[in-house]
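# Structural overview for review
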Amino acid sequence: MERMCVDGKFLRVGDRRVYLRMVTYGPFPGGWPDDFSPDFEQIRKAGFDSLRLYDWPSPQLLDAAESAGLRVFAGLMWAQSCDFFLRDEFQKAAAALSSGLASCGGHPALAGVFVANEVPADLTRWMGPTRVRKALESLIEQGRRSCPELIWCYGNYPGTEYLEPGNADLTAMNVYLENEQDFRAYLRRLHHIAGDRPVLISEFGLDSRRNGLLPQANTLSWGMRAAHEAGMAGIAIYAWSD
């Protein structure tokens, strides 16, 4: 699998620009499944080309993803929902990142890394927005030194737009808006937040248990169409598994 890189407001593989059709996968309470092949075959048949994870992938997961033709965006799982400076959790995150990259950072199926996902807004205010943003940037800097060929980003959300790391390769935003007009308006805003970087909708979806399958299908349809038309670099549907 050829490496992916940033090309202006988009992503490129070789000599062609690509649009990521992602789906979130995991985490699983009991750990990763013993056999990924059935899931990955269904994911490919559903039209997806990439996985977004919330934990670090095992070598077996990456091998199975490569066999299925799926690129993987790893997630660095750490205690980000507490005062992680007070409890030394940030140092543990940096150590976990080093360990993960040492084990499989060069795997061809690994396309990128989310160094964190949605640091809560109230905790961000408590710890200090500038301090938290610099911590995220330091994880990206650390990872890029080891694996500069990977795409590095942070899974942000609208409540903490100000946490956008200045050194991320792209702006990744989790967006849950159930009205198409509001969704399209926010996509335009994201281009202003990102500047000249690509924008990835890193989570989008609708709960079928509460809303029903047909409304979910309709929402996913206009959401994916709107993201493509608005010039996003891709969209990640939440969730294949939760």
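Refer to the structure above for everything that follows.
Read on for an overview of the structure. Being a predicted model, the structure only gives us computed values, none of them experimental.

Attention shifts here to the sheet that holds strand β11 (residues 234–237). Taken in spatial order, the eight strands close into a barrel running β4-β5-β6-β7-β8-β9-β10-β11, and their pairing is parallel. Taking each pair of neighbouring strands and ignoring which way they run, the sheet shows an average axis angle of 25°. For strand β9 (residues 171–174) and strand β10 (residues 199–204), the ladder comprises four bridges, and the chain directions are parallel. Bridge pairing in β10 places N174 opposite E203. In the packing of helix α2 (residues 59–68) onto the sheet, contacts are made with β4 (20–25), β5 (50–53), β6 (71–75) and β7 (110–117), and the angle to β6 comes to roughly 155°. Taken strand by strand, helix α5 (residues 129–146) contacts β7 and β8 (151–156), and its axis lies near 160° from that of β8.

Right, let's talk about the nonpolar core for a bit. Core analysis: the largest hydrophobic core is formed by 63 residues, its most contacted members being F40, L51 and W152. For this core, the element with the most residues is helix α3 (residues 89–104), which contributes six residues. In contact with W152, other than residues within four places in its own chain, are L97, L101, V113, V115, I140, G143, R144, C147, A168, D169 and L170. Listed in part, the 16 residues of the second largest apolar core include M4, I151, A233 and A236.

Parameters and conventions
- In every chain, residue numbers begin from 1 and rise along the written sequence.
- This being a predicted model, a pLDDT of at least 70 is required before a residue's local features are given, and a value of 80 or more before pairs of side-chain atoms are given or counted; all residues contribute to the totals for chains, interfaces and linings.
- As a rule here, side-chain values cover all heavy atoms of the structure and leave hydrogens and water aside.
- Two strands make a pair as long as DSSP finds a minimum of two bridges between them.
- The secondary structure listing takes helices from DSSP runs of H or I that are at least 4 residues long and strands from runs of E that are at least 2 residues long, numbered from the N terminus.
- A fitted line through C-alpha atoms represents every axis, and for helices the fit uses only the stretch in contact; the resulting angles, taken between N-to-C directions, go from 0 to 180 degrees.
- Between two residues, a contact is recorded if the distance between any of their heavy atoms is within 4.5 Å.
- We define a nonpolar core as any set of buried Ala, Val, Leu, Ile, Met, Phe, Trp, Tyr and Cys residues linked to one another through side-chain atoms lying within 4.5 Å.
- Burial classification: accessible surface area is computed with a 1.4 Å probe over protein chains only, and a residue below 20% of its type maximum counts as buried, one above 50% as exposed, and the rest as partly exposed.

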